[in-house]
Amino acid sequence: PWGALAGGILALSTASVLIRLASAPPLVVGAWRLGLATLILTPWSLPRFWRAASSLGRGDTLRLVLSGLALATHFAAWNASLMYTSVASSVVLVTATPIWVGLASHFFLGERVSRRRWAAIGVAVAGGVIIGYGDLQLSGRALLGDALALLGALAMATYLLLGQRLRRRLSTSAYVWPCYGVAAMALVAGCLIARQPLLGYDRQTMVVLALLALVPQVFGHSVFNWALARVSPLVVTLAILGEPIGASALAFLVLNEAPPPTLWLGAPLLLAGLALVSSEGATPAAPPARPTS
């Protein structure tokens, strides 16, 4: 599993740079990414979902649809954030899913949050404030990008919490396939409403969109879901926190984009807080680790 996790981190780390290289609006990028991923997974996932569909009630079907809509919101917000702020800031902040999961578990699911987790959330929030303050000094656009990345993290937390019960009945492929499909249809609808064309882009953009579907979406997500059955959720969650490092390195090498100065102070605090939140919540009942962007 360790080699697979390392490969998964590398696969996930390519997403932000590929999105930057695509000359297409955020909704279009998300629609193509999830639409192609759904098509790639169909031969394996459709038969599994079809066999399990009869066991799903109306409530389960509603949760499945809402999970897909939350996933669509995640990609729409995060893709847009990369238009306004740096890759490093965006990826660090969108990784804040464990904070939202912890808060939602306390306020909506009635789970007790220990003092250690509250302290960890406080450390992570302090890191996020430092990152936001530094980006605000650069421009208001950068701060808007930070806010969109945090919205993306909130949407991903919603996706995970909605899918918690469904994952007990559906295999990984049977769960993610309809979620990807619903999310893709929602993003296509968003493109039509916003009048963002789905076709007519240059060859490089179409190649990048195909790579987004194959590398970070199918391969990256699949590896971490596969690893969940072989190592503890804590290990998987902490491994995912390596994505900001890989994404920042690729952004520097490919885009010649250096992280903002305040990120060197804020990011370690935020990631340390996330690591503590994840370790505190690493129980069998916890939602699966965030299949990052």
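Just above sits the structure.
Throughout what follows, the structure given in this document is the object of discussion. (Residues numbered from 1 in each chain as written. Predicted model: local features only at pLDDT ≥ 70, side-chain atom pairs only at ≥ 80, totals over all residues. Heavy atoms only, no water.)

Right, let's talk about the pattern of salt bridges for a bit. Summed over the entire model, instances satisfying the criterion amount to two salt bridges. Across the pair R20 and E257 runs a salt bridge, and its minimum N-O distance is 2.7 Å. Residue R20 is found in helix α1 (residues 2–21), and its partner E257 is found in the loop between α11 (243–254) and α12 (263–280); the two are separated by 237 residues along the sequence. Where D60 meets R63, a salt bridge forms, and the shortest distance between an N and an O atom there is 3.2 Å. In this pair, D60 and R63 both sit in helix α3 (residues 58–81), three residues apart, roughly one turn of the helix. (Salt bridge = Lys/Arg side-chain N within 4 Å of Asp/Glu carboxyl O. Helix = DSSP H or I, 4+ residues; strand = E, 2+ residues; numbered from the N terminus.)

This part is about the packing of aromatic side chains. All told, the structure shown has two aromatic pairs when counted by the stated rule. For the pair F49 and W177, a centre-to-centre distance of 5.8 Å together with 50 degrees between the ring planes defines the contact as tilted. With F49 in helix α2 (residues 26–53) and W177 in helix α8 (residues 172–194), this pair connects stretches of sequence that are 128 residues apart. Judged by relative accessible area, which is 16%, F49 ranks as buried. Accessibility expressed as a relative area gives 16% for W177, which makes it buried. (Phe/Tyr/Trp six-rings, centres within 6.5 Å; stacked < 30°, edge-to-face > 60°. Buried < 20%, exposed > 50% of the residue type's maximum accessible area, 1.4 Å probe, protein only.)

What follows deals with the environment of A119. Its location among the elements puts A119 in helix α6 (residues 115–138). Residues A119 and L276, 157 residues apart in the sequence, show an inter-C-alpha distance of 8.9 Å.

Quick look at α1 now. If you check α1, its first and last C-alpha atoms are 30 Å apart, about what 20 residues at 1.5 Å a residue would give, namely 28 Å. The largest bend in α1 comes to about 30 degrees, at A15. Where α1 is concerned, the buried positions are L5, G8, A11, L12, S13, T14, A15, S16, V17, L18 and I19. (Expected span 1.5 Å × (residues − 1). Bend = angle between axes of the 7 residues up to and from the residue.)

A pair of packed helices is captured by two measures, namely the crossing angle of their axes and the spacing between those axes. Close contact between helix α4 (residues 87–94) and helix α7 (residues 140–166) brings their axes to 8 Å; oriented N to C, the two are set at 30 degrees. With respect to each other, α4 and α7 are oriented roughly parallel. Relative to α7, α4 is oriented so that their crossing is right-handed. Within the contact between the two elements, α4 uses S89, S90, L93 and V94 and α7 uses D146, A149, L150, G152 and A153. Considered class by class, the residues forming the contact of α4 with α7 number five nonpolar, three polar and one charged. (Axes fitted to C-alpha atoms, helices over the stretch in contact; angles between N-to-C directions. Parallel < 35°, antiparallel > 145°, perpendicular 65-115°, else oblique. Left-handed = near helix turned anticlockwise from the far one by under 90°. Contact = heavy atoms within 4.5 Å. Nonpolar A, V, L, I, M, F, W, Y, C, P; charged D, E, K, R; others polar.)

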